[in-house]
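So you can see what is in the structure, the chains are spelled out below.
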Amino acid sequence: MDTDPAPQRPLVAIRYCPKCRWLTRAAWLAQELLITFPDEIDVLLSPGASGVFEVTLDGALLFSRAAAERFPEPKELKQAIRDRIDPERPLGHSDR
């Protein structure tokens, strides 16, 4: 029996406002990230305060709807995550 713990993967957390009904958007972004990084990251969806939509990687803020005054595009999140976890990795059409 293998007793070595599995290596911990980077955690992407998406905090969204449930009152604003942003769960669907958060889930769609989570799906996009997991399709691109199926074995490299874990994704957590977390209900947050009113009006919040934030994406963090291991606690570091990647995107804030309040600061950007818009929602993130999957392409920009994929690039930001890739740049932090595997900078040499090509992302295909997301690099264009």
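First, a word on what this report is: a plain description of the structure on this page. Owing to the predicted nature of the structure, the values given are computational and were not obtained by experimental measurement.

Observations concerning the packing of aromatic side chains
The full count for this structure, using the stated rule, is 3 aromatic pairs. Where W22 meets F71, the ring centres are 5.0 Å apart and the plane angle is 90°; that geometry is what we call edge-to-face. Here F71 lies in the loop between α2 (65-68) and α3 (74-85) and W22 lies in the loop between β1 (11-16) and α1 (23-36), a separation of 49 residues in the sequence. Accessibility assignment for this pair places W22 and F71 in one class, buried. Look at F71 and you get buried, because its relative accessible area is 18%. Through a chain of ring-to-ring contacts, the aromatic side chains of W22, F53 and F71 assemble into a single cluster. It is R25 that lies over the ring of F71; its NZ or CZ is 3.7 Å from the centre. Its end group placed over the ring of F71, R65 keeps NZ or CZ at 5.2 Å from the ring centre.

Some words on the packing of α1 against α3
Viewed as axis vectors pointing N to C, α1 and α3 meet at an angle of 45°, and their least axial separation amounts to 10 Å. As judged from the angle between their axes, α1 and α3 are oblique. At the point where α1 passes α3, the crossing takes the right-handed sense. Along the contact surface, α1 presents W28, L29, E32, L33 and T36, while α3 presents P74, L77, K78 and I81.

Definitions and cut-offs
- Residues numbered from 1 in each chain as written.
- Predicted model: local features only at pLDDT ≥ 70, side-chain atom pairs only at ≥ 80, totals over all residues.
- Heavy atoms only, no water.
- Phe/Tyr/Trp six-rings, centres within 6.5 Å; stacked < 30°, edge-to-face > 60°.
- Helix = DSSP H or I, 4+ residues; strand = E, 2+ residues; numbered from the N terminus.
- Buried < 20%, exposed > 50% of the residue type's maximum accessible area, 1.4 Å probe, protein only.
- Lys NZ or Arg CZ within 6 Å of the ring centre and 35° of its normal.
- Axes fitted to C-alpha atoms, helices over the stretch in contact; angles between N-to-C directions.
- Parallel < 35°, antiparallel > 145°, perpendicular 65-115°, else oblique.
- Left-handed = near helix turned anticlockwise from the far one by under 90°.
- Contact = heavy atoms within 4.5 Å.

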